[in-house]
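Architecture and fold: a report
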Amino acid sequence: MAETTTKILTRKPSEIIRKQFRINGIVQGVGFRPFIYNLANKFNLTGTVSNSSEGVIIEAQGTSANVHNFINVIQTDAPPLSMISALETNDIPNKDETSFIIKTSEKSSTISTMISPDVAVCDDCLDELFNPKDRRFLYPFINCTNCGPRYTIIENIPYDRPFTSMRHFELCTNCQEEYDDPNNRRFHAQPNACPDCGPKVQLHDGGGKPVRSDNPIRDTVELIKQGRIAAIKGLGGFHLAVDATNSEAVKTLRKRKGREEKPLAIMVKSMEDAKSICHINRDEANELRSIQSPIVLLKKREDIPIANDIAPGNDRIGIMLPYTPLHHLLFYDDAPSLVMTSANLSEEPICIENNEAVNRLLNIADIFLVHNRKILTRTDDSVLMFHNKKRSFLRRSRGFVPMPIQLPFSVPSVLALGAFLKNTICVTRGNQAFLSQHIGDLDNALACHFFDETIKYVLDIHQVKPQAVIHDYHPDFYSTKATERFTLPAIQVQHHHAHLAATMAEHHIKGPVLGLALDGFGLSEKNETWGGEILLVDDTSYRRLGHFYPLPHLGGDSASHQSWRMGAAVLHSIGKENRIQSFFPSIPNIDKIMELLSTPNLFSFTTGCGRWFDAAAAILGISTVQKYEGQAPILLESLVTKPEILEKGWKIENNILDFRPLMEYLLNCDPVSGANIFHGTLAAGLADWVKRVGLEHGIKTVISGGGCFHNKVLVELLDGHVRKIGFHSYFPEQVPPGDGGISLGQAWVGALKLMEQS
Ligand code: ZN
Ligand code: ZN
Ligand code: FE
């Protein structure tokens, strides 16, 4: 770009020139062309602007000085939702013309543009929504160039109405005028609509039959207030909504959905309402109000005005604010605080189609509030929290996808397939990595189907032809097996290497570094069960420098649900088998467990850090059987009031970190002091371990990855300790630390391996 500027400046400022600019990034569906149009007029330029699959293409003709200023302002004043990642300039011959026009889109074969995520309704639109004189007064699909659906309504690129699900709605004269008027804030707003020409809501009964209603939204609110369960079609899928202040309704929802204890998110009317339920700091408040409008996990207050069993045993609750006009209208019609949970059965993907919703939610929802704007891509709500004032994702989805993660340099295109739980996939294109939306646990047919669909969709819309597929070592994961369907080289990346590489990729860190992987479960090259490791990570390779003391992995995978098994494993490993029965009296077939433990070649071992959390929760009587993934650690963390360090609570020999002394101490603790001592000692022991191994290898940079880093107490304590000893520490910020972010690390390692080979 510097070159361009110089070239322009060498001309006489008054000389008439014509330039072509090719702009890439998020420049479609974000008001970019109207912005260019207005700017061109301001600088008296003639020419054209068009959307193409290669980005926005501008031809601008005018005085050299004006063209120069024009391109400068494009870069400094671009619309809020846009992101310019590349700008290419060419001199072209002058033309005989008198005006600047917006050309209709053309489709071409190479595509390198980006698509905007969905955006929460903006303040200008809200003002109109609640203005009785406005023609869109109370219209649930109001939107403009700065807000509304994007990713979820796109069928193909370029992002233009004929390639979105809005193509089924013909613009009325008024809307068309707005769309064509460069001075209108809906100029080229692709989802533009009004009550005359746009989508409409409708109320259906529990069997999916239309119900006559003059005001479907108000009627839905009335039914919710009566304790009914409503399936409400939203931006990226259906939500199941119930009155969050009605314990009975919440109980019924849990029962019908098969979600016994897993926390439910709520949507509240306003920030004040959110503050009456949770403690909210400035970062959290900004995040709640952001254009991404995610669910933010917040610290619960005492005596809150909502049902108790929304997040049982959890000291945090997931809250979001209304983000579509339809949500705002629910509260305008006096909706109470609402449980708003993805509409699905158990862990299946979220429903998006009206018929699909009726079929799949028949036994869950009492009513359906639907509309006729098609959702083309399932996208769940994003969920995040703050660790040390930094974002930490639990789920990166609506509002963030498909924004790329910027890589430090361009790499070959690859497709990474993720792991098993909380699956996402990732493709690389140039110096960008596109992580898919949350797909879910690949343990049911619908999720596997969604996984297949997502691969196709992500490759299509980003126009990526991968050179390799990257996968986990675990042979039984659906994602690993999917590799066989591609006629491409397959590259396997060890689970924890991938976790750590994800953190390195987003922070642009080059190895060798120390990688602290604290996770539940992942297979090593030699089929061992890892999850509490220090790896020396050198980009495409790693070496295991240390690990947690291995515990018996009683019952393999079932140990992660039945945390008492890890409790028993710990009792065995500290020579207290005789207390297993008294600690876990209600466990069936205890004799079998005792027999198993006395025959060491009958069980394998695990070094998973997550399993020590399970064991501690079991021993402290907090959780012996987990109803959802990570429940025991979450309940344990929720009890922490003031972490304490147990001196000599750990031993380190040959770089093996052993917390058995801590566990022995916990045998005589009550749950709260146990939770405090467990967290305090774990963090101190980990820091000690990192320091010793780091000094031994002369490395002072430590990167983190793995599901245990969802634990806020652990992250904040550990970060403090590690900084105190003068080490640099990096945590995942742009993708989830757990398996939801692993595809980024797989993609990064895979792409770097391809570069090494070439
Ligand atoms: Zn708007
Ligand atoms: Zn209209
Ligand atoms: Fe993992």
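From a predicted model like this one, the values you see are computed outputs, not experimental measurements.

Notes on the overall build of the protein chain
Within the protein chain, the regular secondary structure consists of 23 helices and 32 strands. The C-alpha radius of gyration of the protein chain comes to 28 Å, within 12% of the 27 Å expected for a compact globule of 758 residues. Seen along its three principal axes, the alpha-carbon backbone of the protein chain occupies a region of about 90 × 65 × 45 Å. Per-residue burial for the protein chain yields a buried fraction of 62% across its 758 residues. By sequence separation, contacts in the protein chain at least 24 residues apart represent 71% of the contacts at least 6 residues apart. Carbon and sulfur atoms make up 49% of the accessible area of the protein chain, which amounts to about 29200 Å² in all. One finds the centroid of the 78 positive side-chain charges in the protein chain at a distance of 1 Å from the centroid of its 85 negative side-chain charges.

Points about the coordination of the zinc ion (ligand 1)
Protein coordination at the zinc ion (ligand 1): the donors are Cys122 (SG), Cys125 (SG), Cys144 (SG) and Cys147 (SG), at 2.2 to 2.3 Å from the metal. Classification of the site at the zinc ion (ligand 1) as tetrahedral follows from its four donor atoms and the range of 105 to 116° in their angles at the metal. Read N to C, the donor residues that coordinate the zinc ion (ligand 1) are spaced as C-x2-C-x18-C-x2-C. Of this pair, Cys125 sits in helix H4 (residues 123-129) while Cys144 is found in the loop between H4 and helix H5 (173-180), placing the two residues 19 residues apart along the sequence. Overall, Cys144 belongs to the buried group, its relative accessible area being 1%.

Regarding the coordination of the zinc ion (ligand 2)
Coordination of the zinc ion (ligand 2) by the protein involves Cys172 (SG), Cys175 (SG), Cys194 (SG) and Cys197 (SG), with metal-donor separations of 2.2 to 2.3 Å. Considering all four donor atoms around the zinc ion (ligand 2), the spread of angles at the metal, 104 to 118°, places the coordination shape in the tetrahedral class.

Concerning the packing of helix H2 (residues 32-42) against helix H3 (residues 64-77)
Running from N to C, H2 and H3 point in directions that differ by 140°, and their axes come no closer than 11 Å. Taken together, the axes of H2 and H3 lie oblique to each other. The handedness of the crossing between H2 and H3 is right-handed. From H2, Phe32, Phe35, Ile36, Leu39 and Ala40 reach across to H3, where they touch Phe70, Val73, Ile74 and Asp77. Classifying every residue of the contact of H2 with H3 gives eight nonpolar, no polar and one charged.

Examining the packing of aromatic side chains
All chains considered together, the criterion is met by 20 aromatic pairs. Here the aromatic rings of Phe130 and Tyr332 are separated by 5.2 Å at their centres, their planes lie at 25°, and the arrangement is stacked. Of the two residues, Phe130 is situated in the loop between H4 and H5 and Tyr332 in helix H10 (residues 325-332); the sequence distance between them amounts to 202 residues. Aromatic ring contacts, followed pair by pair, group Phe548, Trp612, Phe659 and Trp689 into a single cluster. Lying over the aromatic face of Phe450, Arg378 brings its terminal NZ or CZ to 5.5 Å of the ring centre. Over the ring of Tyr549 we find Arg660; its NZ or CZ atom is 3.8 Å from the centre of that ring.

Points about the sheet that holds strand S21 (residues 426-435)
On the basis of which strands lie adjacent, the open sheet formed by five strands has the order S19-S21-S20-S22-S23 and mixed pairing. Of all the strands in the sheet, the pair left with one neighbour each is strand S19 (405-411) and strand S23 (490-492). Pairing analysis gives two bridges linking strand S20 (residues 415-416) to S21, with the strands arranged antiparallel. Bridge pairing in S21 links Ala416 to Cys426. The strands touched by helix H23 (residues 742-757) within the sheet are S19, S20, S21, strand S22 (469-471) and S23, with S19 carrying the most contacts at an inclination of about 10°.

Some remarks on the nonpolar core
By size, the foremost hydrophobic cluster in this structure holds 97 residues, and its most contacted members are Ile36, Ile58, Phe70, Ile74 and Leu330. In this view, Ile74 contacts Ile23, Phe32, Phe35, Ile36, Leu39, Ile58 and Ile84; residues no more than four positions away in its chain are not counted. Within the second largest apolar cluster, 71 residues are counted, among which are Ile534, Ile619, Ala632 and Ile699.

Quick notes on the pattern of salt bridges
Evaluated as defined, the whole model comprises 37 salt bridges. The residue Glu97 makes a salt bridge to Arg18 at a minimum N-O spacing of 2.4 Å. In this pair, Glu97 sits in the loop between strand S4 (83-91) and strand S5 (100-102) while Arg18 sits in strand S1 (residues 16-28), placing the two residues 79 residues apart along the sequence. Residue Glu97 is classed as partly exposed on the basis of its relative accessible area, which comes to 24%. If you follow the salt bridges from partner to partner, you end up with Glu348, Glu356, Arg360, Arg378 and Glu453 in one network.

Topic: the environment of Cys194
Along the polypeptide, Cys194 turns up in the loop between H5 and strand S7 (201-205). Residue classification places Cys194 among the buried positions, given a relative accessible area of 0%. Spatially, the C-alpha atom of Cys194 lies 8.2 Å from that of Cys172, the residues being 22 residues apart in sequence. When neighbours within four sequence positions are excluded, Cys194 is seen to be in contact with Arg135, Arg136, Tyr139, Cys172 and Cys175.

A short note on the side chain of His204
Inspection of the secondary structure puts His204 in strand S7. Reaching out from His204, the side chain makes a polar contact with the side chain of Gln202 at a distance of 3.2 Å. Beyond its immediate chain neighbours, meaning those up to four positions away, His204 contacts Lys209, Pro210, Val211, Ile367, Phe368 and Val370.

Observations concerning H10
Taking burial as the measure, the eight residues of H10 include seven buried ones, the bulk of the element. Along H10, the residues that are buried comprise Pro325, Leu326, His327, His328, Leu329, Leu330 and Phe331. Phi for Asp334, located one or two positions after H10, is positive at around 75°.

Observations concerning the packing of helix H15 (residues 563-573) against helix H18 (residues 609-619)
Between H15 and H18, the shortest axis-to-axis distance is 7 Å and the interhelical angle comes to 90°. Judged by the angle between their axes, H15 and H18 are roughly perpendicular. Of the residues in H18, those touching H15 at Ser563, Trp564, Met566, Gly567 and Val570 are Arg611, Asp614, Ala615, Ala618 and Ile619.

Some details on unusual backbone geometry
A cis amide bond links Ile157 to the next residue, Pro158, at an omega of 5°. At the junction of Gly511 and Pro512, the peptide bond is cis and its omega measures out at 5° in the coordinates. Structurally, the position occupied by Pro512 is in the loop between helix H14 (495-507) and strand S24 (513-523). A positive phi angle, close to 50°, is found at Gln463, a residue other than glycine.

A short note on the pairing of strand S14 (residues 316-320)
By the criterion of burial, S14 is predominantly enclosed, with five of the five residues buried. By the alternation rule, side chains of S14 split into Arg316, Gly318 and Met320 and Ile317 and Ile319, which are all buried. Both strand S11 (residues 266-267) and S14 contribute to a ladder of two bridges, which runs parallel. Its bridge partner being in S14, Ile266 is matched across the sheet by Ile319. Alignment of strand S13 (residues 295-300) against S14, held across four bridges, turns out to be antiparallel. Looking at S14, one finds that Lys299 is bridged to Arg316.

Cut-off values and rules
Residues numbered from 1 in each chain as written. Chains lettered and ligands numbered in written order. Predicted model: local features only at pLDDT ≥ 70, side-chain atom pairs only at ≥ 80, totals over all residues. Heavy atoms only, no water. Helix = DSSP H or I, 4+ residues; strand = E, 2+ residues; numbered from the N terminus. Rg over C-alpha atoms; globule rule 2.2 N^0.38 Å. Buried < 20%, exposed > 50% of the residue type's maximum accessible area, 1.4 Å probe, protein only. Contact = heavy atoms within 4.5 Å. Areas by Shrake-Rupley, 256 points an atom, 1.4 Å probe, with all protein chains shown as cover. Lys, Arg positive; Asp, Glu negative; His and termini not counted. Charge placed at Lys NZ, Arg CZ, Asp CG, Glu CD. Donors = N, O, S within 2.8 Å, 3.2 Å for Na, K, Ca; no water. Tetrahedral: all angles 85-135°; square planar, octahedral: opposite > 155°, others 65-115°. Axes fitted to C-alpha atoms, helices over the stretch in contact; angles between N-to-C directions. Parallel < 35°, antiparallel > 145°, perpendicular 65-115°, else oblique. Left-handed = near helix turned anticlockwise from the far one by under 90°. Nonpolar A, V, L, I, M, F, W, Y, C, P; charged D, E, K, R; others polar. Phe/Tyr/Trp six-rings, centres within 6.5 Å; stacked < 30°, edge-to-face > 60°. Lys NZ or Arg CZ within 6 Å of the ring centre and 35° of its normal. Pairing = 2+ DSSP bridges. Core = buried A, V, L, I, M, F, W, Y, C linked by side-chain atoms within 4.5 Å. Salt bridge = Lys/Arg side-chain N within 4 Å of Asp/Glu carboxyl O. Polar contact = N/O pair within 3.5 Å; in protein donor to acceptor, adjacent residues only side chain to side chain.

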